[in-house]
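Residue-level listing of the chains:
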Amino acid sequence: MENRRSFLKKAGLLGISISAGRDLIIPVPELNDAKMDGTILRISSPSESGTHFHPLEEIRISAMEGGTILIYDGQGRNYLQLSGHPELTFQAGGTLGNQVILYLDKKQRLTDIAAFRVDTKTKIEDDQGEFSKLLDILYWTMVRSGFTELYPYQGKFYQVFVSWLRDHVHTMKGMKYFYPELKSGIDLYADSQREDGMIWDNIAPRTKEKNWWDRRFSYGGFIRAVEDGQYEFKRIPVENDVEYLFIEGLYYTWKATGDDYWMESHLDKAIKAIKYSTTDPYRWSEKFRLLKRGFTIDTWDFQSNEDTAMNEGNDIMVIELGKTRFGIMFGDNTGMAAACRYLAEMLEHAGRKSESEMYHQLSKDLMTRVNDFSWNGEFYTHQVPEDPDVTRDFGIDQSRQVSLSNAYSMNRDIGHEKCVEIIKTYQKIRNEMPGSSPGEWYTIFPPFEYGFGAGDTTRKWDYMNGGVTPIVAGELAHGAFEHGYEKYGVDILRRIRDLTAKTNNYLHCTYRGALPQVPVRNFTSIDFSPATNGIFPDTDAVDNENKRIWNYSSFHQIPFRLINPESGQNNCLLFPENNDVNEPVTLDIKQTVASLYFLHTSPPSLVGMIILEYEDGSDHVDYITGGKSGFWWTEEQTGGEDYESSKKAWRSANHPYYQAVYLYGMNNPNPDKKIRRIRFERTRTRQFWNILGVTLCDKPVFFMPSMISYGIPDNWGAAAVVYALIEGLAGIKDSGVAYDSAILAPRWESAEVKKAKVSVKYEASGGYLSYMYNYDTRKEELNINFTGNAGNYSLKILLPEGKQPSSVSLDGNTIQFNISVIEDSIYLSLDHQGPGVHIINVVF
């Protein structure tokens, strides 16, 4: 009895009055007359959870016959009333936390109380497990690629997912479902806001002395040292998305935390940020009344070579009034328009209605102007110069380039028709893209042929110039689910899942948009026996196909003449570990070659030199160090395996130590000179080095590069896909604050999933929604059990193709419903109010 009283006291349930309905108020000032010993009211769990349950989990209770049982959720709302049954089973629901069961006798006197706890985590369980697995991979990617960083500022510590505000906000789209601390990431940039309203781009450690960033950005006050010179805030001058992303981050954080006071404390700073963006001469085009920037690839932070050369310091990130040729990048403006709507909603919630209306109007004005200026009927044109006489030559028709903010704009309320056209544009790209592309989710397509990068060379199909990113995939899939292309959204999610399977169940944020063609090459495999002095130590080493290295004649399409040690010959050039013998070994070549390939193994450190001796008496020295080889016994290369000139060639399956051999390609700096011989020489480090063969080639070194590109944090891309999976396919969307009002739009039929169980929770507030989805094709019946802390639900259920509801019931009562059509998709729509567990039954 003491334990039960103690639990109730800690839960704050002693000495209060609990409403049991419209007319019945049960006073609970004293419980001396209630037994509270478990002899009258008893919880019997069907699982091992004890008194801790998940939403929609069944709970069995037993009580004396003839009484009334009242069940209250964590918010004190009565969500279930039962009577006349000694044994009852119900599903846990309503607001999470400590929940209470009251037992009243026939005279409505409180006789016993029991309590239990309800909690959940964000999770998806589908009948085949494919989307459950995808969510696990996305979560792992988000936490593995950084998780959180901690920074001090003016006596406080701030936690961010990434130190760049942009990356933090985009990562929060996924992490808000898993991590409780969100506010300090926005607080950092609110508290440090520049006096004129500018928001800093990032924070980073620094030295107290002036540095390279000071030299670049001091001219406009775009850098500021803080914390006694230990840290610095920077604003990349060319960037013009930071202010709207600050407001977006404020909005997302408020939604997830439900903290009205905190949100309201930042509203004036948000207003100040918009004023800066819409008045500052670096940011605002008075000519077009839109946000402007220098010529970058979409929202990124570096300009073209041509535009960079016009600035005083020839700096890719710098803009200068009177010199920079500004233009309108549509994504800055669709983003700011969305931020104005977010701010208007927050202002209205705070009771500042007149200001709210002002920002609603600003949002409309921005959208009207950017649509007139940038919409071309199929998608938003990448960049449009302020001065129509400005032209740039990048070897591509810029009017047909589709950049990543088109996918973002789909989820910024640009209108259904425009979203459909953007979806069709990406589907067209899928038909036109290179066959080696992982997907149509390009940073920009087609990429620039030249004009970005050092020496007027542009690395096509990488990073922002034609890389493929799940950022676009997630935003595009989300838009597809919302606009009647649900199967396309599912297809994107499945292709993302397949992509992770190629990279060890991890989602990288940038992939190469195309892999190169293998060049036509001629090889000459050299007889290496004149240089051999030992036997390769591969005793019992076989690979997964039970083959020894000698069973192979080529590696990465490079042929070699290897010597089988069973022939009794020496088969390698061996420089043993800790051996004082450092005599050079030579191998005659007498050929002109473009490149040479070496099959070898060593520690990934400085082990020796390969010296090309030319017939004219000159030579070329190549030091063999980390990245050109790797450990024989632990299968390791310093810095990873994705080298342009080195690859792992062979790996054994033996335990406990793996054995590996590496392939190194060396470009000959003098391809027109005849090489007399190759000299192998070990350094005095006396490290192990073993060479098995040499092959010559008439073309420069080529290895097929990795499909993985570079440049964007992986957690950002993973979060975008989480956003599509949760709001799109699973169909859980917060239409209020902390899910006090929610949209439930399950679209499992588009994935041919017949059973699913979903919970989505904000860890910062406990706001959540859970449901169980079951489509019985034999009975032609769809059942959805759902619950959450919401008082208002809007249901939009995607119906199976060709099926029409013959009846719909809610909590056992036949109800009226609406049918809506989005493109070719048919939805059953209805609204419902009330706490607790609800059951929708649709009979076809």
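Just so we're clear, the structure is a prediction, and the values are computed from it rather than from any experiment.

Quick word on the packing of aromatic side chains
In this description, an aromatic ring pair is defined by two values, namely the gap between the centres and the angle between the planes. Considering all chains together, one arrives at 49 aromatic pairs under this definition. Between Phe222 and Tyr282, the ring centres sit 5.5 Å apart and the planes meet at 80°, which makes this aromatic pair edge-to-face. Taken together, the residues Phe222 in the loop between α5 (212-217) and β15 (223-226) and Tyr282 in the loop between α8 (267-277) and β17 (284-285) connect sequence positions 60 residues apart. Comparing Phe222 with Tyr282, the two get one shared label, buried. Between Phe394 and Phe452, the aromatic rings sit 5.4 Å apart at their centres with planes inclined by 35°, giving tilted as the arrangement. Here Phe394, found in the loop between β20 (383-385) and β21 (402-403), pairs with Phe452, found in the loop between β22 (444-445) and α14 (470-482); they are 58 residues apart in sequence, far enough to count as distant. Taken individually, Phe394 and Phe452 each receive the classification buried, so the pair is uniform in this respect. Members of the aromatic cluster, each reached through a chain of ring pairs, are Phe295, Trp300, Phe302, Phe394, Phe448, Phe452, Tyr463, Tyr710 and Trp716. Sitting above the plane of the Trp212 ring, Arg216 keeps its charged end 4.2 Å from the centroid.

Quick notes on the nonpolar core
Residues Phe131, Leu343, Trp748 and Tyr771 are the most contacted members of the largest nonpolar core, which totals 175 residues. Per element, the largest residue contribution to this core is 11 residues, and it comes from helix α10 (residues 330-349). For Tyr771, the contacting residues outside a window of four places in its chain are Leu56, Ala730, Ile732, Leu744, Pro746, Trp748, Ala756, Lys757, Val758, Ile784, Asn785 and Phe786. The next biggest cluster of nonpolar side chains, apart from the first, holds 25 residues, and it includes Ile526, Ala531, Leu573 and Tyr664.

Comments concerning the environment of Asn783
You can see Asn783 is positioned in strand β39 (residues 781-788). The exposure class of Asn783 is partly exposed, given its relative accessible area of 22%. C-alpha of Asn783 to C-alpha of Val808: the two residues are 25 residues apart in sequence and 9.9 Å apart in space. In this view, Asn783 contacts Met772, Tyr773, Asn774, Ile840 and Asn841; residues no more than four positions away in its chain are not counted. Among the polar contacts listed, one links the side chain of Asn783 to the side chain of Asn841, at a separation of 2.7 Å.

Quick notes on the sheet that holds strand β40 (residues 792-798)
Judged by pairing direction, the sheet is mixed, and its 5 strands sit side by side in the order β35-β36-β40-β44-β43 without closing on themselves. Across the chains shown, the open sheet's two edge strands, defined by having one partner strand only, are β35 (732-734) and β43 (818-822). In this sheet, neighbouring strand axes are inclined to one another by 25° on average, regardless of whether the strands run parallel or antiparallel. As paired elements, strand β36 (residues 741-744) and β40 share 4 bridges and run parallel to each other. Note that in β40 the partner of Leu744 across the bridge is Leu795.

So, unusual backbone geometry
Here the residue pair Phe445 and Pro446 is connected by a cis peptide bond, since its omega of -10° sits within 30 degrees of zero. By the element assignment, Pro446 lies in the loop between β22 and α14. Positive phi outside glycine occurs at Asp228, with the angle close to 55°. Mapping Asp228 onto the fold places it in the loop between β15 and β16 (231-234). Even without being a glycine, Asp298 presents a positive backbone phi close to 50°. In this structure, Asp298 sits in the loop between β18 (290-291) and α9 (305-308). Residue Asp298 is classed as buried on the basis of its relative accessible area of 0%.

Quick notes on the side chain of Asp332
For Asp332, the location among the structural elements is in helix α10. Not counting chain neighbours up to four residues away, the residues in contact with Asp332 comprise Asn240, Asp241, Tyr244, Leu291, Arg293 and Thr299.

Brief notes about α10
An ideal rise of 1.5 Å per residue puts 28 Å on 20 residues; α10 measures up with 29 Å between its terminal C-alpha atoms. Of all 20 residues making up α10, 17 are buried, and the element is well covered by its neighbours. Looking one or two residues beyond α10, the residue adopting positive phi is Gly351, at roughly 85°.

Considering the packing of helix α13 (residues 416-432) against helix α15 (residues 486-501)
The relative placement of two packed helices comes down to the angle between their axes together with the axis-to-axis distance. Direction vectors running N to C along α13 and α15 enclose 45°, while the axes themselves pass 12 Å from each other. Accordingly, the angle class assigned to the pair α13 and α15 is oblique. At the point where α13 passes α15, the crossing takes the left-handed sense. Contacts between α13 and α15 involve Ile423, Tyr426, Gln427 and Arg430 from the former and Tyr488, Asp491 and Arg495 from the latter.

Concerning the confidence of the model for the protein
Residues of the protein with pLDDT of at least 70 account for 91%, and the chain-wide mean is 90. Low pLDDT (under 50) marks residues 1-32, which in the prediction has 59 contacts with non-local residues, meaning those over four places away or in another chain. The model gives residues 637-642 a pLDDT under 50, and that stretch makes 19 contacts with residues more than four places away or in other chains.

So, the pattern of salt bridges
Taken as a whole, this structure holds 56 salt bridges when the rule is applied. Here Glu780 and Lys803 are joined by a salt bridge, their closest N and O atoms 3.1 Å apart. With a gap of 23 residues between them, Glu780 in the loop between β38 (768-776) and β39 and Lys803 in the loop between β40 and β41 (807-810) connect regions that are remote in the sequence. For Glu780, a relative accessible area of 23% corresponds to the partly exposed category. The class of Lys803 is partly exposed, set by a relative accessible area of 27%. Through salt bridges with shared partners, a single network forms among Glu613, Arg676, Arg677, Arg679 and Glu681.

A word on the packing of α14 against α15
Packing of α14 against α15 brings their axes to within 7 Å, and their N-to-C directions diverge by 155°. Classified by the angle their axes make, α14 and α15 are roughly antiparallel. Note on packing geometry: the crossing formed by α14 with α15 is left-handed. Within the contact between the two elements, α14 uses Pro470, Ala473, Leu476, Ala477, Ala480 and Phe481 and α15 uses Glu486, Tyr488, Gly489, Val490, Ile492, Leu493 and Ile496. For the contact of α14 with α15, a count of residues per class yields 11 nonpolar, 1 polar and 1 charged.

Details of the sheet that holds β15
Taken in spatial order, the 3 strands line up as β14-β16-β15 in an open sheet, and their pairing is antiparallel. Of all the strands in the sheet, just β14 (202-205) and β15 have a single pairing partner and so form its edges. Strand-to-strand, the axes of this sheet are offset by a mean angle of 25°, without reference to chain direction. Relative to β16, β14 runs antiparallel, the two sharing 4 bridges. Its bridge partner being in β16, Ile203 is matched across the sheet by Phe233.

Calculation criteria
- Residues numbered from 1 in each chain as written.
- Predicted model: local features only at pLDDT ≥ 70, side-chain atom pairs only at ≥ 80, totals over all residues.
- Heavy atoms only, no water.
- Phe/Tyr/Trp six-rings, centres within 6.5 Å; stacked < 30°, edge-to-face > 60°.
- Helix = DSSP H or I, 4+ residues; strand = E, 2+ residues; numbered from the N terminus.
- Buried < 20%, exposed > 50% of the residue type's maximum accessible area, 1.4 Å probe, protein only.
- Lys NZ or Arg CZ within 6 Å of the ring centre and 35° of its normal.
- Core = buried A, V, L, I, M, F, W, Y, C linked by side-chain atoms within 4.5 Å.
- Contact = heavy atoms within 4.5 Å.
- Polar contact = N/O pair within 3.5 Å; in protein donor to acceptor, adjacent residues only side chain to side chain.
- Pairing = 2+ DSSP bridges.
- Axes fitted to C-alpha atoms, helices over the stretch in contact; angles between N-to-C directions.
- Expected span 1.5 Å × (residues − 1).
- Parallel < 35°, antiparallel > 145°, perpendicular 65-115°, else oblique.
- Left-handed = near helix turned anticlockwise from the far one by under 90°.
- pLDDT = per-residue confidence, 0-100.
- Salt bridge = Lys/Arg side-chain N within 4 Å of Asp/Glu carboxyl O.
- Nonpolar A, V, L, I, M, F, W, Y, C, P; charged D, E, K, R; others polar.

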